[in-house]
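Structure at a glance
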Amino acid sequence: MNWFIETFPKLLKKNLFNTPFNSIVSVFMITFILKAIFGLFDWLFVSAVFSGDASTCREMGGFCYPFIKEKLPFIIFGFYPREYIWRPVIAMVILIGSFIYIKEPKRWGRSSLWILLGAFALFFFFMRGGLFLEVIPNDKWGGLPLTLMLASLGILFSYPLGVCLALARRSQLKILKTLSVAYIEMIRGVPLISILFMSSVMFPLFLPEGVTIDKLLRAQVAIILFVSAYMAEVIRGGLASIDKGQYEAASSLGLSYFQTMRFVIIPQAIRVVIPPTVNTAIGMFKDTSLVLIIALFDLLNTTKTSLKDSDWLGFSVEAYVFVALIYYIFCFLMSKYSTRLEDEFGIKSR
């Protein structure tokens, strides 16, 4: 305590009040920040409305919690039948639970892959139905389960595809390298929204008459193909950081190219690129909101749709604050997990 009393004023003077101009700017910024914090606290808790209806919220003027309570089922689950909401709840618990279980590096291996495949199989079983469950078509899927599905499958399949693309780009085979470079640069040169639009509108035009492919499947494949190009560049950076001596050591042991990559090079490269990989995954998780262009009701789209209720017009701030909190929680957890892996693998941040 004595150290704090003695040191804190010195730190303030050194960093915030070391010149007259900095002192004026610091006072202004501190005042602005404190006013914003107190104003936000008052809006969220002091003046907030915790019960009542839309008219009560309009009279009080604070954060309208009754709006969140009223629209929560639709924001989270979209048009999924209300009597079967327990099914997407179980599906999300299984999927998230599998991620929590395999997050420990000591559990990584083939068993983790089988756990993930089993979790996704159960996820689709509960979401769609079959056997003793009523079938719910995927045009009724929406909200958080759809966002989790698109993001999870996008990460799971784009990563190995990105590894293959990165290896192909560094290959000595001209044809393989050229095709890889062309694919990566072409995909990275267009926005995701255009690829989703093409998968939804243009791609069906090239199919034979009478042949259709599910819209959700097309969107999922488009996301995987898009993200894999960015993953490829991330992993290529990791491959380039591996010292040439590692290749020579593997060659001296008589390892083939595939053995060298599998047991020596790729494990080291993946360890190096954990931060940019997670950064790409976080960006992809947020970019799933772009599926609204092809009329898929992800978490952000269900939130927008909930604002069209005439009884609850004018509460868009509450809706977007709530959905932003959900996105923040998932992205923050991914970021913290990345930091933990960096510490475990001894990756030094620069």
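Residues numbered from 1 in each chain as written. Predicted model: local features only at pLDDT ≥ 70, side-chain atom pairs only at ≥ 80, totals over all residues. Heavy atoms only, no water.

Once that is clear, we can look at the overall build of the chain. A count of helical and extended segments in the chain gives 15 helices and zero strands. Its C-alpha atoms give the chain principal-axis dimensions of roughly 75 × 70 × 35 Å. In the chain, 68% of the contacts between residues at least 6 apart in sequence involve partners at least 24 apart. (Helix = DSSP H or I, 4+ residues; strand = E, 2+ residues; numbered from the N terminus. Contact = heavy atoms within 4.5 Å.)

With that out of the way, let us pick up the environment of C64. Here C64 shows up in the loop between helix 3 (54-60) and helix 4 (65-77). Once the C-alpha coordinates of C64 and S256 are considered, the two residues, 192 residues apart in sequence, prove to be 64 Å apart. Dropping the residues within four chain positions of it, C64 is found in contact with V49, C57, W312, F315 and E318.

This structure, assessed with the given rule, holds one disulfide. Bridging C57 to C64, the disulfide has an S-S length of 2.1 Å. Its S-S torsion of approximately 65 degrees makes the covalent link between C57 and C64 right-handed. You can call C57 buried: its relative accessible area is 3%. (Disulfide = S-S within 2.5 Å. Buried < 20%, exposed > 50% of the residue type's maximum accessible area, 1.4 Å probe, protein only.)

With that settled, consider helix 5 (residues 86-102). The end-to-end C-alpha distance of helix 5, which contains 17 residues, comes to 25 Å, matching closely the 24 Å that a straight helix rising 1.5 Å per residue would cover. Regarding helix 5, the residues found buried are R87, P88, A91, M92, L95, S98 and I102. Projected down its long axis, helix 5 carries its buried residues within an arc of 135 degrees, all on one side. Across helix 5 from its buried face, at more than 90 degrees, point the exposed residues V93 and I100. Residues of helix 5 that are buried sit in contact with helix 4, helix 6 (110-128) and helix 7 (143-169). (Expected span 1.5 Å × (residues − 1). Arc of directions from axis to C-beta.)

Right, let's get into the side chain of K71. As for its placement among the helices and strands, K71 is situated in helix 4. For K71, the contacting residues outside a window of four places in its chain are S306, D309 and W312.

In this structure the tally under the stated criterion is eight salt bridges. Of the charged contacts, one joins E104 and R340 as a salt bridge, the two residues approaching to 2.6 Å between their closest N and O atoms. Note that E104 is positioned in the loop between helix 5 and helix 6 and R340 in helix 15 (residues 316-345), a separation of 236 residues in sequence. Looking at E104, the relative accessible area reads 16%, which means it is buried. With a relative accessible area of 30%, R340 lands in the partly exposed category. R169 is the salt-bridge partner of E233, the closest N and O atoms lying 2.9 Å from each other. Placement of the pair is E233 in helix 10 (residues 215-241) and R169 in helix 7, with a sequence separation of 64 residues. Take E233 and R169: they sit in the same class, and that class is buried. Connected through salt bridges with shared partners, the residues R169, E185, R188, E233 and R236 form a single ionic network. (Salt bridge = Lys/Arg side-chain N within 4 Å of Asp/Glu carboxyl O.)

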